[in-house]
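# Structural characterization, general
For reference, the chains in residue letters:
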Amino acid sequence: MNGFLLVNKESGLSSNQIVQKVKNKFSFKKVGHLGTLDPAAEGLLILAINRATKFSSYFLNSDKSYFVKVELGISTNTDDATGEVIAKSEVQCSSEDVKRAVNNFLGKSLQKPPYFSALKFKGKPLYKYARQGKLIDKKPRKIEIKEIRNIIYKDKICSFELSCSKGTYIRSIARDLGENLGCGGHMTSLKRLSQHNFSIKDSKIFENLSENQLISIDDAFKEYEELTLTKDDSKIFQNGGKLRVSIEPKSLLRVYNQFKEFIGLGEVTEGSLKHKQLV
């Protein structure tokens, strides 16, 4: 049983709690997630099962999309609804003002991470310092907002969908949106809709999960071309050797043995094929 499970995480549970619940329910030896969701957040959580955990790193840099709600006029110390209110302001912006401010996030920019985050300072997560009243400023990080859709604004609540690069803090976008509008703001809800080629439409809540929903490792990389090797070449490939091939350089290939069994990901450079990750 190796592959990926798509979980529709409900609010209130941490990503690690879901990992443990799935591990216990199906008696899997290894379970890991491909990108955490805060306990208050919900939506798509991708779990790697058994040998699929070795391929997790290939998805950690993938783009993600979210549905987010932001309440204007109220700022919190965590930039979301779980924190303490630190400021309140009148909201006098129009719907057009809000939509324009949201769309201004499109493209590449530098983002200041929230004080309450898992980023480390001297080996310790920032949120541990913040809980002690010590607010540690981390250097702004490069992010990219690739698409923003369905912006709706009503009664101080702004909602929209966005697609973003790795490392984007949606709470920080909520905070910055409020600051840019001059009234403050915080994120009230967050739902992950997609990651890489995986969609929330194909996910299930924990209670409805079954082993039949396991996505095979090679299906998770179906955007890459296939290559089938002979018995002898399969041995060389699996032992870390290089194979001369008349193939154009490829970032990744799905490699199969003579029985059409998936044996790993390969990379072609300078006319040679070598494994990148074996099953």
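Refer to the structure printed above.
Quick summary incoming for the structure in this document. (Residues numbered from 1 in each chain as written. Predicted model: local features only at pLDDT ≥ 70, side-chain atom pairs only at ≥ 80, totals over all residues. Heavy atoms only, no water.)

### Overview of the sheet that holds strand β18 (residues 272–278)
Taken in spatial order, the five strands of this open sheet run β14-β16-β17-β18-β15, and their pairing is mixed. Two strands in the sheet have a free side with no partner beyond their single neighbour: β14 (226–228) and β15 (243–244). Bridge analysis of β14 against strand β16 (residues 250–256) gives three bridges, and the strand direction is parallel. Within β16, the residue paired with E226 across the bridge is R254. (Pairing = 2+ DSSP bridges. Helix = DSSP H or I, 4+ residues; strand = E, 2+ residues; numbered from the N terminus.)

### Focus: the nonpolar core
Soluble, globular proteins show a tendency: their nonpolar side chains are buried together. By size, the foremost hydrophobic cluster in this structure holds 29 residues, and its most contacted members are L72, F160, L162, I170 and L177. When residues of this core are traced back to their parent elements, those giving at least two are β4 (64–72), α2 (95–103), β10 (141–154), β11 (157–164), α4 (170–180) and β12 (185–195). Here this core takes five residues from β10, the largest share from any one element. Setting aside chain neighbours within four positions, we find L72 in contact with V91, C93, V98, Y153, K156, L177, G178, L181, C183, G184 and G185. Listed in part, the 19 residues of the second largest apolar core include L34, F55, F198 and Y256. (Core = buried A, V, L, I, M, F, W, Y, C linked by side-chain atoms within 4.5 Å. Buried < 20%, exposed > 50% of the residue type's maximum accessible area, 1.4 Å probe, protein only. Contact = heavy atoms within 4.5 Å.)

### Section: the environment of G185
Inspection of the secondary structure puts G185 in strand β12. Since its relative accessible area comes to 3%, G185 is described here as buried. Between the C-alpha atoms of G185 and I173, which are 12 residues apart in sequence, the distance is 9.5 Å. Look past the residues within four positions of G185 in its chain and what remains in contact with it is E71, L72, G73, I74, S75, A174, R175 and G178.

### Things to note about the packing of aromatic side chains
Across all of its chains, the model carries 12 aromatic pairs by this definition. Seen from their ring centres, F55 and F221 are 5.9 Å apart, and the 55° between their planes marks the pair as tilted. Of the two residues, F55 is situated in the loop between β3 (42–49) and β4 and F221 in the loop between β13 (198–199) and β14; the sequence distance between them amounts to 166 residues. No difference in accessibility class separates F55 from F221, as the two residues are buried. Three or more aromatic residues link up through ring pairs in this structure, and these residues are F4, F55, Y58, F59, F198, F221, Y224, Y256 and F262. (Phe/Tyr/Trp six-rings, centres within 6.5 Å; stacked < 30°, edge-to-face > 60°.)

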